[in-house]
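So you can see what is in the structure, the chains are spelled out below.
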Amino acid sequence: RNWLMDQIYPVMRRGEGIEVLGSKFTSAEATQEKTVIETDLYPYIRTFMADAVINGIDDAKWDGFVDGLESYGYYKWIDWWQRSYNGEI
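About the cut-offs
Residues numbered from 1 in each chain as written. Predicted model: local features only at pLDDT ≥ 70, side-chain atom pairs only at ≥ 80, totals over all residues. Heavy atoms only, no water. Salt bridge = Lys/Arg side-chain N within 4 Å of Asp/Glu carboxyl O. Helix = DSSP H or I, 4+ residues; strand = E, 2+ residues; numbered from the N terminus. Buried < 20%, exposed > 50% of the residue type's maximum accessible area, 1.4 Å probe, protein only. Phe/Tyr/Trp six-rings, centres within 6.5 Å; stacked < 30°, edge-to-face > 60°. pLDDT = per-residue confidence, 0-100. Contact = heavy atoms within 4.5 Å. Core = buried A, V, L, I, M, F, W, Y, C linked by side-chain atoms within 4.5 Å.

K.L.:
Would you mind going over the pattern of salt bridges in detail, with residue names and values included?
P.N.:
Opposite charge on two side chains makes pairing possible when the charged atoms of those side chains draw close. Under the definition given, this model contains 4 salt bridges. Residue glutamate 33 is joined to arginine 83 by a salt bridge in which the shortest nitrogen-to-oxygen separation is 2.9 Å. In this pair, glutamate 33 sits in helix α2 (residues 28-55) while arginine 83 sits in helix α4 (residues 74-85), placing the two residues 50 residues apart along the sequence. By relative accessible area, glutamate 33 is classed as partly exposed at 34%. Note that aspartate 79 is salt-bridged to arginine 83, the shortest N-O span being 3.1 Å.

K.L.:
Account for the packing of aromatic side chains, naming residues and giving values.
P.N.:
Overall, the coordinates contain 10 aromatic pairs when judged by the stated rule. Look at tyrosine 44 and phenylalanine 65: their rings are 5.3 Å apart centre to centre, the planes differ by 15°, and that puts the pair in the stacked class. Here phenylalanine 65 lies in helix α3 (residues 59-71) and tyrosine 44 lies in helix α2, a separation of 21 residues in the sequence. Taking the relative accessible area as the measure of exposure, tyrosine 44 reaches 18% and is therefore buried. Relative accessible area serves as the criterion here: at 8%, phenylalanine 65 is assigned to the buried category. With a centroid separation of 5.1 Å and an interplanar angle of 80°, the aromatic rings of tryptophan 80 and tryptophan 81 are classed as edge-to-face.

K.L.:
Quick rundown of the confidence of the model for the chain? Include the residues and the values.
P.N.:
Summarising the model, the chain shows a mean pLDDT of 82, and 74% of its residues fall at 70 or more. Within the model, pLDDT remains below 50 along residues 15-19, and this stretch shows 3 contacts once partners closer than five positions in the same chain are excluded.

K.L.:
Tell me about the nonpolar core, and name the residues and values.
P.N.:
Judged by nonpolar contacts, Ile37, Leu41, Tyr44, Phe48, Phe65, Leu69 and Trp77 together constitute the single largest core of 7 residues. Of all the secondary-structure elements, those providing two or more residues to this core are α2 and α3. Among the elements that make up this core, the one with the highest residue count is α2 (4 residues). Among residues more than four places away in sequence, those in contact with leucine 41 are Leu69, Tyr72, Tyr74 and Trp77.

Printed below as a string of structure tokens:
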């Protein structure tokens, strides 16, 4: 246990709980950037999913959803996660 804590403690801040990957090891600015994107993106995806379950979807609805992802920052969000994984932010 002591060895493990010696290895982990330098990258953890005392008194914090477990956080989602991408928010614990990135800067506050980078985390804020992700949060701004998710504020619009997540409701858009959830609304589509709910509508798809209740009303069903066809190719036109799916194509409209995929086209809308770009306007809600989906590709910026994917890029954020890639930069986070690469350790760039």
